Amino acid sequence: MMTGECRRFAQLVGALLDGELEPVVTLDVEDHLVRCENCREKMALERAIRGSLKKAFETPAPSDVRARLLATMQSASTAASASAPPEPDLITTERVSTSGRLDAAVADESQSTPPNHSPSRPNDSAPARRWLQTFGIASAAAVLLAWMAAHEQIGTLLRLPSHASMNDDAKMLLSAHINEELLRDFVAQHSRPLPPEKEDPNQVGQFERYVGVPVHVPVHLTQRAGPTHFVGGRIVPIHGGERAAMLQYEVRPSSDGGVQRVTLFVYDPRKMHVGAPNLARRAVGSTEVHVGQTDGYSVAVTQREGVGYAMASDLDPDTSADLVAAVGGAPTASSHRSAESHLSAEDTAVHP
Amino acid sequence: MKTPDDTDPTSVHASELGCSEPAPHSRFADELVPHLDALFAMAKRLTRSTTEAEDLVQDTVLKAMRSEDHYRPGTNLKAWLYRILTNTFINKHRRGGLERTVLEGPDSDPLVDGWVSASSMRQLRNPEEHALRPIVESEVQRALDELPTDFKLAVILCDVEEFTYEEIAKIMGCPVGTVMSRLHRGRRLLQRSLYSHAVAIGILPSEPMTNVSEPTDLNAFRAKKSRGAA
């Protein structure tokens, strides 16, 4: 049944899907959605449209375009570095080195192309460029697949009964799907991570004012997973107007040198219920952990001392469970400041 | 206003900062490489031409490398790059910034104002796949391409690249409220496009603009009238 309210909510639904609504307004919108089939269908349609938009952007740049761009960048940066003195490394030791990626990308291009393939554009009047070959498909395709998988899931609609009215069971179903959506949001953020904004664990601890709970940054995850190091952290907005802290780690589980990414999300469990029906409950020591798979990634969720933790990775369930259970108790860079940060959390305003 | 060799690529107006030296080392260039595909995809949608898109991305990337000093490490590099791309595009293709007026027709929202039933909306998408039916999906690209530039930008930056409203405001150089308005109107135009297309190819029944359907003859009209509006 359509009411005049629907028009008012039309714009809010978009903002809800964008994760930009304040929690109070989100409740109003969800309340309307529970009662209005038309707006539910509209929201589902909006999500489907976004999914298709994303698909329309998946195609990587053509290989010859890439080749020319990389060549331009290569010559520009070579010319630059030849004329400048070496600069001291300002980046902390925590940071993952990305040097040589441009060289590697250009070198990859030189690996395997038919000799007749020329990267020069038709009617290109620019000076002859260095001969570059087709960019290696394998790594680009792997990234693309992971990204598609994550985003198809984001395009997933709430599966709601089509009755115009909803009883309490249906409302719980709605909120359960929203819980699962939160977990899938996290997994999508892990799968296609935004770059960290802070690499200093102490500064990451300051995200507390946005997240609403203490953000302890374990410098090392448990040793069982092999050597780990902290890459950096940032805030991520989550559907419904909330924010979580995203801590990115790299783990080297075996000695063959393969590095795996592990992302730990820290959030306020009172505001965000994160979970999914398919997760199994288990105990690690005295901590209860939910583990399972979501959208192809290994996930583990727990709470400790009023702080929610969700971890996404490619690790096996046992290791995931151990890692996330250990988080609350692991030595952290900011653990000696936790008392201070509790006090300041109460003093500062809650929501930016 | 903006001179071709303006050194701060993130400001639309001429900058008073004077540094135009190239980046001292190539590590910054490494950080730009992962964004090439996305930048190109955006450029292609803005310019509607592969050659112009390549030019736009090349200009963007070279400007970015020359302006490494203007980038604050640890902040959102992608947003910074998109800002440069947007400004470069505006300067090349439009004199007075982004379009201000949009012809939109009546201020109505087909999916909310009662034109389109819930079941029709469901028809546009595939319930099992949670995506649009392929025949409608291909229409999305065309509908997007036809949006006015400022709506197109907002929709791409939000729905595809998933920037926050704040980030989009910085990239487009306008207030957050304007971003939200452009998003809402752009999405509405997209939806209306899809709806029209679906009707045109016969996927959806053509639902009339009011809730009362056209009578075929006087008797039918009277009969309908006596049944009353639904």
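As the structure is a computational prediction, the values presented were derived from the model and not from experiment.

1. With respect to the overall build of chain A
- Per the secondary structure count, chain A includes 11 helices and 7 strands.
- Looking at the 352 residues of chain A, the share that counts as buried comes to 47%.
- The long-range share in chain A, meaning contacts at least 24 apart out of those at least 6 apart in sequence, stands at 64%.
- In the form shown here, chain A has an accessible surface area of approximately 16700 Å², with 54% of it arising from carbon and sulfur atoms.

2. Quick notes on the overall build of chain B
- If you tally the helices and strands in chain B, you get 10 helices and 2 strands.
- Listing each helix as α and each strand as β along chain B from the N terminus yields α-α-α-α-α-β-β-α-α-α-α-α.
- Across the 230 residues that make up chain B, the buried fraction comes to 53%.
- Considering only contacts within chain B whose residues lie at least 6 apart along the sequence, 65% involve residues at least 24 apart.
- Total accessible area on chain B stands at roughly 11000 Å², and carbon and sulfur atoms take up 52% of it.

3. Quick word on the environment of E250 of chain A
Residues and elements named next belong to chain A.
- With respect to the secondary-structure elements, E250 resides in strand β2 (residues 242–251).
- Looking at E250, the relative accessible area reads 19%, which means it is buried.
- As a C-alpha pair, E250 and S313 span 63 residues in sequence and 10.0 Å in three-dimensional space.

4. Side note on helix α1 (residues 5–17) of chain A
- If you check α1 of chain A, its first and last C-alpha atoms are 18 Å apart, about what 13 residues at 1.5 Å a residue would give, namely 18 Å.
- The sharpest bend along α1 of chain A comes to roughly 30°, located at Q11 of chain A.
- Within the sequence span of α1 of chain A, burial applies to C6, F9, A10, V13, G14, A15, L16 and L17 of chain A.
- Where α1 of chain A is buried, its residues contact α2 (23–35) and α3 (37–56) of chain A together with α8 (165–172) and α9 (176–200) of chain B.

5. Things to note about empty space enclosed by the protein
- The tally for this structure, following the rule as stated, stands at 7 cavities of 30 Å³ or more.
- The computed volume of the second largest cavity comes to approximately 100 Å³.
- In this structure, the second largest cavity is lined by 14 residues; those nearest its centre are A10, Q11 and G14 of chain A together with H184 and R187 of chain B.
- Of all the elements in the fold, those that place two or more residues in the lining of the second largest cavity are α1 and α3 of chain A together with α9 of chain B.
- Top contributing element to the lining of the second largest cavity by residue count: α9 of chain B, with 6 residues.
- Tallied by class, the residues present in the lining of the second largest cavity amount to 5 nonpolar, 4 polar and 5 charged.

6. Brief notes about the sheet that holds strand β5 (residues 287–294) of chain A
Residues and elements named next belong to chain A.
- The 7 strands are arranged β1-β2-β3-β7-β6-β5-β4 in an open sheet whose pairing can be described as antiparallel. Of all the strands in the sheet, the pair left with one neighbour each is β1 (228–238) and β4 (280–284). The mean angle between the axes of side-by-side strands here comes to 25°, regardless of whether they run parallel or antiparallel.
- Here strand β6 (residues 297–304) runs beside strand β7 (residues 307–313); their pairing, made up of 7 bridges, is antiparallel. Within β7, the residue paired with Q303 across the bridge is G308.

7. Notes on the confidence of the model for chain A
- The predicted model of chain A averages 71 in pLDDT, with 61% of residues at 70 or higher.
- Looking at the elements of chain A, mean pLDDT is at its lowest for helix α11 (residues 338–347) of chain A, recorded as 43, and at its highest for β7 of chain A, recorded as 92.

8. Focus on the pairing of β6 of chain A
Residues and elements named next belong to chain A.
- The element β6 is largely enclosed, with a buried count of 6 among its 8 residues.
- In terms of strand pairing, β5 meets β6 through 6 bridges, oriented antiparallel. In the strand pairing of β6, V291 is matched with A300.
- The hairpin formed by β5 and β6 contains 2 residues between the paired strands, and D295 there has a positive phi angle of roughly 50°.

9. Notes on unusual backbone geometry
- Phi angles above zero are rare outside glycine, and D295 of chain A is one such case at about 50°.
- Phi is positive for R48 of chain B, close to 55°, though the residue is something other than glycine.
- Tracing the sequence through the fold places R48 of chain B in the loop between α2 (36–47) and α3 (50–66).

10. Some remarks on the packing of aromatic side chains
- On inspection of all chains with the given rule, the structure shows 7 aromatic pairs over all chains.
- Geometrically, the ring pair formed by F186 of chain A and F265 of chain A is stacked, given 4.2 Å between the ring centres and 20° between the ring planes. Here F186 of chain A is found in helix α7 (residues 168–191), whereas its partner F265 of chain A is found in strand β3 (residues 260–267), with 79 residues between them in sequence. Judged on exposure class, the residue F186 of chain A and its partner F265 of chain A are both buried.
- Geometrically, the ring pair formed by Y71 of chain B and W80 of chain B is tilted, given 5.3 Å between the ring centres and 50° between the ring planes. Pair check on accessibility: Y71 of chain B and W80 of chain B agree, each one buried.
- Counting every residue linked through ring pairs, the aromatic cluster contains F186, F265 and Y267 of chain A.

11. Comments concerning the nonpolar core
- In this structure, V57 and L157 of chain B are the most contacted members of the largest nonpolar core, which totals 82 residues.
- Not counting the four nearest positions on each side in its chain, V57 of chain B is found in contact with L69 of chain A together with L36, L39, F40, A43 and L85 of chain B.
- With 29 residues, the next largest nonpolar core counts L264, V266, V284 and A325 of chain A among its residues.

12. Examining the pairing of β7 of chain A
Residue and element names in this part refer to chain A.
- Burial within β7 is extensive, with 7 of its 7 residues counted as buried.
- Side chains of β7 alternate between two faces, with V307, Y309, M311 and S313 and G308, A310 and A312 buried alike.
- Pairing of β3 with β7, which is carried by 5 bridges, proceeds in the antiparallel orientation. In the strand pairing of β7, F265 is matched with A310.
- Taking the residues between adjacent antiparallel strands as the criterion, β6 and β7 are bridged by 2 residues, where E305 takes a positive phi near 50°.

13. Here we look at the packing of helix α7 (residues 149–160) of chain B against α8 of chain B
Residue and element names in this part refer to chain B.
- At a closest axis distance of 10 Å, the pairing of α7 and α8 adopts a crossing angle of 140°. One way to sum up the angle between α7 and α8 is to call them oblique. Here α7 and α8 pass one another in a crossing that is right-handed. On α8, the residues touching D150, L153, A154, L157 and C158 of α7 are Y165, I168, I171 and M172.

Reading the values: rules and limits
- Note on numbering: residues in each chain are counted from 1, in written sequence order.
- Chains carry letters and ligands carry numbers; both start at the beginning, A for chains and 1 for ligands, and go up in the order they are written.
- Given that this is a predicted model, residues contribute local features only at a pLDDT of at least 70 and side-chain atom pairs are listed and counted only at 80 or more, while totals for whole chains, interfaces and linings are drawn from all residues.
- Values shown for side chains rest on all heavy atoms present in the structure; no hydrogens or waters enter the calculation.
- Here a helix means four or more residues in a row that DSSP labels H or I, a strand means two or more in a row labelled E, and each is numbered from the N terminus.
- Under the scheme applied here, a residue whose accessible area is under 20% of the maximum for its type counts as buried, over 50% as exposed, and between as partly exposed, the area being computed with a 1.4 Å probe on protein chains only.
- The contact definition used throughout considers only heavy atoms, calling two residues in contact when any of these lie within 4.5 Å.
- All accessible-area figures derive from a Shrake-Rupley calculation using a 1.4 Å probe, and residue coverage is judged against the displayed protein chains alone.
- A helix's residues, less one, multiplied by 1.5 Å, set its expected span.
- Two axes enter the bend calculation: one fitted to the seven residues ending at the residue in question, the other to the seven starting there, and the bend is the angle between them.
- Of the grid points, spaced at 1 Å and generated over the protein atoms alone, those admitting a 1.4 Å probe that cannot get out make up cavities, while open sets with protein on both sides within 12 Å along at least five of seven lines make up pockets; any residue with an atom within 4 Å of a point is treated as lining.
- Grid points are joined across faces, edges and corners, and a volume is the space filled by probe spheres set on the points.
- Just so you know the grouping, Ala, Val, Leu, Ile, Met, Phe, Trp, Tyr, Cys and Pro go in nonpolar, Asp, Glu, Lys and Arg go in charged, and all remaining residues, Gly too, go in polar.
- In short, DSSP must find at least two bridges between two strands for them to pair.
- Only the stretch in contact is used when a helix axis is fitted, and all axes are lines through C-alpha atoms; the angle between N-to-C directions ranges over 0 to 180 degrees.
- Along the chain, pLDDT gives the predictor's confidence residue by residue, from 0 to 100.
- Between the rings of Phe, Tyr and Trp (Trp by its six-membered ring), a pair exists once the centres lie within 6.5 Å; its type follows the angle of the planes, with under 30 degrees stacked, over 60 edge-to-face, and the other angles tilted.
- Grouping buried Ala, Val, Leu, Ile, Met, Phe, Trp, Tyr and Cys residues that are joined through side-chain atoms within 4.5 Å yields what is termed a nonpolar core.
- Each angle gets one of four labels, with under 35 degrees taken as roughly parallel, over 145 as roughly antiparallel, 65 to 115 as roughly perpendicular, and the rest as oblique.
- Each crossing gets its handedness from the near helix: less than a right angle anticlockwise from the far helix is left-handed, clockwise is right-handed.

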